[in-house]
Structures are given as structure tokens and as C-alpha cells.
Amino acid sequence: MTAAAYVSREGQKVLLIEKNKECGGLVNSFSRDGFHFDAGVRALEDAGIIFPMLNDLGIDLEVVKSPVSLGIENEIIHIENLDSLTAYRELLKRTYPESEAEIDAVLKIIRKIMRHMDVLYGIENPVFKDLKHDKRFILKKLLPWLPKFILTVGKINRMNMPVEDYLETIIKNPSLKDIISQHFFKNTPAFFALSYFSLYLDYFYPKGGVGKLSDALKNKIGEYGGETKTETKIIEVRVDKCIVIDQEGVTYGYDNLIWAADLKKLYQIADTDGLPSKTRSKFENDKKKLLSHRGGDSVFTLFVEVDEPLESFRKIAHGHFFYTPSKRGLGETHWNELKNLLIHFEKNKKEEILSWLDKFTQLNTYEISIPGLKDPACAPIGKTGLIISLLAEYDLFRKVQDAGWYDEFKTEFENRVLNVISNSIYPMLKEKIIARFSSTPISIENRIASSEGAITGWSFEKPVPVVNKIQFSDRSVLTSIPSIFQAGQWAYSPAGVPMSVLTGRLAADRVLKKKTPKFSRKKTKQTLRLV
Ligand SMILES: Cc1cc2nc3c(=O)[nH]c(=O)nc-3n(C[C@H](O)[C@H](O)[C@H](O)COP(=O)(O)OP(=O)(O)OC[C@H]3O[C@@H](n4cnc5c(N)ncnc54)[C@H](O)[C@@H]3O)c2cc1C
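Conventions used here
- Residues numbered from 1 in each chain as written.
- Predicted model: local features only at pLDDT ≥ 70, side-chain atom pairs only at ≥ 80, totals over all residues.
- Heavy atoms only, no water.
- Helix = DSSP H or I, 4+ residues; strand = E, 2+ residues; numbered from the N terminus.
- Rg over C-alpha atoms; globule rule 2.2 N^0.38 Å.
- Buried < 20%, exposed > 50% of the residue type's maximum accessible area, 1.4 Å probe, protein only.
- Contact = heavy atoms within 4.5 Å.
- Areas by Shrake-Rupley, 256 points an atom, 1.4 Å probe, with all protein chains shown as cover.
- Lys, Arg positive; Asp, Glu negative; His and termini not counted.
- Charge placed at Lys NZ, Arg CZ, Asp CG, Glu CD.
- Salt bridge = Lys/Arg side-chain N within 4 Å of Asp/Glu carboxyl O.
- Core = buried A, V, L, I, M, F, W, Y, C linked by side-chain atoms within 4.5 Å.
- Pairing = 2+ DSSP bridges.
- 1 Å grid on protein atoms, 1.4 Å probe; cavity = no way out; pocket = protein on both sides within 12 Å on 5 of 7 lines; lining within 4 Å.
- Points joined across faces, edges and corners; volume = space filled by probe spheres on them.
- Nonpolar A, V, L, I, M, F, W, Y, C, P; charged D, E, K, R; others polar.
- Axes fitted to C-alpha atoms, helices over the stretch in contact; angles between N-to-C directions.
- Expected span 1.5 Å × (residues − 1).

Colleague: Could you give me a rundown of the overall build of the chain, with the residues and numbers involved?
Modeller: The number of helices and strands found in the chain is 22 helices and 20 strands. Taking 24 Å as the expected radius of gyration for a compact globule of 531 residues, we find that the chain reaches 23 Å, a close match to that expectation. Considering only C-alpha atoms, the chain reaches an extent of 65 × 60 × 50 Å along its principal axes. Within the span of the chain, comprising 531 residues, buried residues form 56% of the whole. Here the analysis covers contacts within the chain between residues at least 6 apart in sequence; of these, 77% occur between residues at least 24 apart. Summed over all atoms, the accessible surface of the chain reaches about 23300 Å², with 51% contributed by carbon and sulfur. When the 76 positive and 68 negative side-chain charges of the chain are each reduced to one mean point, those points stand 6 Å apart.

Quick look at the structure:
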């Protein structure tokens, strides 16, 4: 959507094609029974990218801060400013008094990373500034910042190892290590994971839900003369003819294509017949590489409508809450035990899988979002909507589905999450639930068509197959086919909303630099018949 907005702003003819009824993918909100919920990301981080983009496009989005609370068992702290790091240290020390020195060591590193983050996001991202005309920005901000940025990038790149391995070098207490890292994806680069304390302070929430960002961009694209076509899924790309084909057989010609969905899908559906052999062989190499990688972790999310006022929840924690009901930590439950469970899945009894699920839900860390605590208009008066999620493995849901008990498993999962949360932090959930429903990695795969239901692009378990160094982000949008560019969560790693926006802008710039003639739209005979 960012790419579409920027290209249409320059008067190019743009068609944005989206498979769902509504645009935005994982930046999406929906309403049920008067409750507003967010289907994907729960709040947004500026990261020096989103506000500059909104400013640059003249989008006026009404936003509020989305403060974060952290909790372990009965101990909860509210992250208000940099001093909250001290409160975090005290919380960890009260919980793990035997590990004081290790806690101090890890906090020292988090503090160091926060200083790097201050540099990294210290100025508005120059990509969204008018560098030709804004001399003041260049002289006063960009030039003084550049040397610090270059120095910091070097330091960041040295912390690219998996967070688990990194923590292993400073923390011996396995529970403490888990509590700090278990709500990150497996093998998340240490810098990215440990930078989250800075990001907690950066979260904001558009009034009405995160989906308002997508609505605003869609309106802007329309204002600039761009066209949006929803409920249209691209199932084939004919590269030599420069056309894409949708599920109804309708074809759309393009001069430049920006692919902002799953990259594996692009390479699976692209037909490169007719291209020069050098380009084809480069394409085949990239295809082989990409198809051998998996999407990263996915989530299980429980949506709950509760007949209890927001005030009861406000007394406990902010509307964005990372909560761990047990200080024990997941240990081997998530990765090794689950891995074994999956290898021998067919031999396991249902009870064994459910008993693993008991442990998994009891020992995990939850991301709990209460939209009404950020914007009271998101819940009916006197009631509260909760979004409770935890990282979940796609393969488990797929195997359960293949074994024919997906719906049952989903209900069992919901029951366990509710039990854990109502027996710990929100006891009022026990009696007051009006309705509940959930989404799984399979739901995410179906809705946004992402490999393995991934929510932030590539898995970190193998070296990622795309650009992953900030200084080379400009190249992340290139594909092996000259008129096709890539953007979004699969184009750069680690990903998230800000990088999707940034790559959208970078892809738009590449298209605009080519100064292509106006967009041409071709229709086949079949299209005309369908229309
Ligand atoms: C629970 C949760 C928490 C998260 N927390 C954070 C966070 O704290 N910070 C953060 O930065 N990020 C977070 N994320 C991740 C973030 O939401 C995503 O990485 C980001 O929104 C991806 O945006 P995107 O536009 O690149 O891709 P997507 O959202 O996947 O959009 C791709 C779009 O393409 C459409 N599409 C796919 N295939 C086709 C096709 N063949 N034809 C037509 N259309 C197609 C899809 O329907 C979708 O609308 C979170 C996500 C979740 C689910």
C-alpha cells in the first residue's frame, strides 16, 4: 500500500490488487458484537519510519500512545520511560533472587542496545524526506547523524547471532533466559530481540484500531488516482508478456510489478518462458534458494468478549501486556519436546498431545491486547474485548488438521489459554465471558496467504535468503527480473510493519526512477466475457 501510494502520487497509473475483501493484510481491524479487535499486529512502532511516511503523504491519522506492561506471575511493571528499565531489573531480581549478577549483566546489554536504537531511529528515516529541497534536514540532522549511524551499524551487525545463543554466554539460569527470550521467534537475532525494550516505548495505536492505517493509505491511493481491486487473487505471473492473471482468468498488464505478498508464491507462480537464458537461470537459482526456506513462527490468538468494564482491567495492566504466568519458563517444551512430538505425530495419542499443550500454555508468555484500554470506543460501554496470543507452530496445526481433529484441537487450545489466564492474571474471565473465538496459524495462512502462517516473513532457523543488513536495505527490493520488484515482510529480514513500509517506499522509488510510460491494462477475451 505504501508503494502504491508513492507511485500514484507521481501520476503513474497504479492498480493495487488484493485477494481479501479488505486491504492491509496483517494491519487489519474488525468488529464483532460492537467490539473492535485487531486481527494482526496489536499496535504499531514508528521506528522513525511510519510517522515520517504519514507526514510525507499528508495523512492525518489520529493516534494514541500504546503503553506496555510486563508481568511475571503476580509481579507487574508498567513501562513508562527509560527509568522503567530499573523497574524491570528489580522485577527480575525479585523473581530470580539467585541470579542477581546475571540480571545486571543482561540489563547492561539492553541499555547498550537502547543507545544503539536511539541512534538508529534518532532521525526521521531520510527515505521519507525531500532531500532535494530540505537542506535544513540534511545539514542539521542527516550529516551529523551519518557517522554515528555507520558506527552503530557495525556494532549491531556483530550481534546478529541467535538470541538464545547470545544469552547463553551471560545467563546460566535457564528459567531467567526463557523469561527474557521466549516470546521471540526461534533464533531471532540478538540485537533485534534485545532491542524490544526500546520498541515498547515506541508503540502507538491508531484510534479505532490498527486497521485505520490501512484505511488511510487506501484512501490516499484513491486520492492520488490509484485504483484498488479487492477479492482478486493473483495466481499466475507471465513474465515475458508482463501480465498477471487472477483466479477468474482476468489478465492485467504491467510495466512494473511490485510483489508485496509471500515471495515463495511469486517464484512458484511466475512463468519465465521467453526470457533470456541468463535471466532465467538467475531466476531459477533464486527460486531454488527461496523455496528451500520456511516462513517464521506463527501465532494462536484467542479473542474474548467480556461482560466486565474496562476499569477492572485497567487496574491490572496497560492495554498492551506481555504476561508470563509461570516463572519456570518453557525450557524444552516448545522446541525439543514439540519437535519430537511432530516427528512421531502419527504414533502419539491425542492425550499425549493435549498433555503437552497443558504445559505449553502454562509455561508460555502471552501478548495480551485490550483495544478498549487504548481507545475506549473500541468496546461497548461496560464491556471489554481481549486479544490473547502466543507463538504457535504451524506444523502442529497442519498435522492435527490432517489427522481430522483441527476444530477439537482449537477448542482445547482456547480452553487451556482461558484457564491459564483466568487462574492467574484476569480471574474475572471465569464467569463473565460473552463470546470467544480464535485464529490459528492455518487461519493466517488462509487469510494472507503466507507460507507456514508466518507473521514476520522468513524463519531465522537458517540464514535468511534475503537482505538482512540495514545498510543494504536499498537492494532488498530487487528481484532477478528487471521489471518485478519485491516489498513487505518477505523482502527484508528481520521484518515487521516499519520494514514493510520502508521496502514499499524503496520499491516505489525504483519504479519511479525507471520513468516508465503510463500503465497499460490488457484484458483477454475471457475477461470481457466475465465483465
Ligand atoms: C499477532 C501479531 C503481532 C505482531 N506484532 C508486530 C509488532 O509488534 N511489530 C511489528 O512491526 N510487526 C508485528 N507483526 C507483524 C506485522 O503485522 C507484519 O509483518 C506486517 O504487517 C506485514 O505486512 P506486509 O504488508 O508486508 O504483508 P501482509 O500483511 O502479509 O500483506 C500481504 C497482502 O497480500 C495479500 N495477498 C497475498 N497473496 C496474494 C495474491 N496471490 N494475490 C493478491 N493478494 C495477495 C494478502 O491478502 C495481504 O493483504 C505482528 C503480527 C501479528 C500477527
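Still to come is the rest of the account.
Colleague: Lay out the side chain of serine 476 with the relevant residues and their values.
Modeller: Examined against the element boundaries, serine 476 turns out to sit in the loop between α20 (441–448) and β20 (484–486). Serine 476 sits in the buried class, given a relative accessible area of 1%. Discounting residues that sit within four places of it in the chain, serine 476 has contacts with Val467, Gln486, Ala491, Tyr492 and Thr503.

Colleague: Pulling in residues and values, what's your account of the pattern of salt bridges?
Modeller: Evaluation of the coordinates by the stated rule reveals 30 salt bridges. We note a salt bridge from lysine 177 to glutamate 168, for which the minimum N-O separation is 2.9 Å. Note on glutamate 168: relative accessible area 42%, which makes it partly exposed. Salt-bridge contacts for arginine 510 lead to aspartate 474; the nearest nitrogen and oxygen are separated by 3.1 Å. Note that arginine 510 is positioned in helix α21 (residues 497–514) and aspartate 474 in the loop between α20 and β20, a separation of 36 residues in sequence. Residue arginine 510 is classed as partly exposed on the basis of its relative accessible area, which comes to 21%. Each member of the salt-bridge network shares a partner with another, and the members are Arg9, Glu10, Asp56, Arg505 and Asp509.

Colleague: Outline the nonpolar core, listing residues and values.
Modeller: Tyr88, Leu92 and Leu194 are the most contacted members of the largest nonpolar core, which totals 85 residues. When residues of this core are assigned to their parent elements, the largest contribution, 10 residues, is made by helix α4 (residues 100–120). The residues touching leucine 194, leaving out its near neighbours within four places in the chain, are Ile109, Ile110, Ile113, Met159, Val163, Tyr166, Leu167 and Ile180. In this structure, Leu341, Leu357, Ile368 and Leu373 belong to the second largest nonpolar core, which totals 45 residues.

Colleague: Give a detailed account of the pairing of strand β2 (residues 29–32), specifying residues and quantitative values.
Modeller: As paired strands, β2 and strand β3 (residues 35–38) are joined by 4 bridges and run antiparallel to one another. In the strand pairing of β3, serine 31 is matched with histidine 36.

Colleague: Please provide a residue-by-residue account of the pairing of strand β10 (residues 234–238), values included.
Modeller: As judged from the 4 bridges shared by β10 and strand β11 (residues 243–246), these two strands associate in the antiparallel manner. Counted as the bridge partner of arginine 238 is isoleucine 243 from β11. The hairpin turn running from β10 into β11, its antiparallel successor, is 4 residues long, and cysteine 242 in that turn takes a positive phi close to 55°. Examined bridge by bridge, β10 and strand β14 (residues 270–271) share 2 bridges and lie parallel to one another. When the bridges of β14 are listed, arginine 238 appears paired with aspartate 271.

Colleague: I'd love a proper account of empty space enclosed by the protein, names of residues and values included.
Modeller: Evaluation of the coordinates by the stated rule reveals 1 cavity of 30 Å³ or more. Size it by volume and the largest cavity reaches roughly 200 Å³. What lines the largest cavity is a set of 17 residues, and nearest its centre among them are Leu70, Tyr88, Ile180, His183 and Tyr200. Looking at the lining of the largest cavity, its residues break down into 13 nonpolar, 4 polar and no charged.

Colleague: I'd like a description of the sheet that holds strand β8 (residues 203–206), backed by residues and values.
Modeller: If you trace the 3 strands from one edge of the open sheet to the other, you get β4-β8-β5, paired in antiparallel fashion. Every interior strand has two partners, whereas the edge strands, β4 (44–45) and β5 (63–65), have only one. For β5 and β8, the ladder comprises 3 bridges, and the chain directions are antiparallel. Each bridged residue has a counterpart across the sheet, and for lysine 65 the counterpart in β8 is phenylalanine 204.

Colleague: A description of unusual backbone geometry should follow, citing residues and the corresponding values.
Modeller: Glycine aside, the phi torsion of most residues is negative, and most peptide linkages are trans. For the bond from serine 493 to proline 494, the omega torsion is 0°, close enough to zero to count as cis. For aspartate 33, which is not a glycine, the phi torsion comes out positive at approximately 50°. By secondary structure assignment, the location of aspartate 33 is in the loop between β2 and β3. A residue is classified by how much of its surface remains accessible, and aspartate 33, at 55% relative accessible area, is exposed. Its identity as a non-glycine residue notwithstanding, glutamate 452 has a phi of 55°, on the positive side. Take glutamate 452: it is sitting in the loop between α20 and β20.

Colleague: Got a sec to walk through the sheet that holds strand β17 (residues 366–369)? Specific residues and values, please.
Modeller: Strand order in the open sheet made by the 7 strands is β7-β6-β16-β17-β18-β15-β19, with mixed pairing throughout. The sheet is open, and its two edges are formed by β7 (75–79) and β19 (433–439), each paired on a single side. Each strand axis lies, on average, 20° off the axis of its neighbour in the sheet, ignoring direction. As paired strands, strand β6 (residues 68–72) and strand β16 (residues 320–324) are joined by 5 bridges and run parallel to one another. If you follow isoleucine 72 over to β16, its bridge partner there is threonine 324. The sheet strands contacting α20 are β15 (298–306), β18 (384–392) and β19, and the helix crosses β15 at an angle near 100°.

Colleague: Account for α4, with residues named and values stated.
Modeller: Look at α4: 30 Å from first C-alpha to last across 21 residues, which is about the 30 Å you get at 1.5 Å a residue. Of the residues making up α4, those classed as buried are Glu102, Ile103, Val106, Leu107, Ile109, Ile110, Ile113, Met114, His116, Met117, Val119 and Leu120. Contacts from the buried residues of α4 go to α3 (84–95), α5 (135–157), α6 (163–168), α7 (174–181), α8 (190–194) and α9 (196–200).

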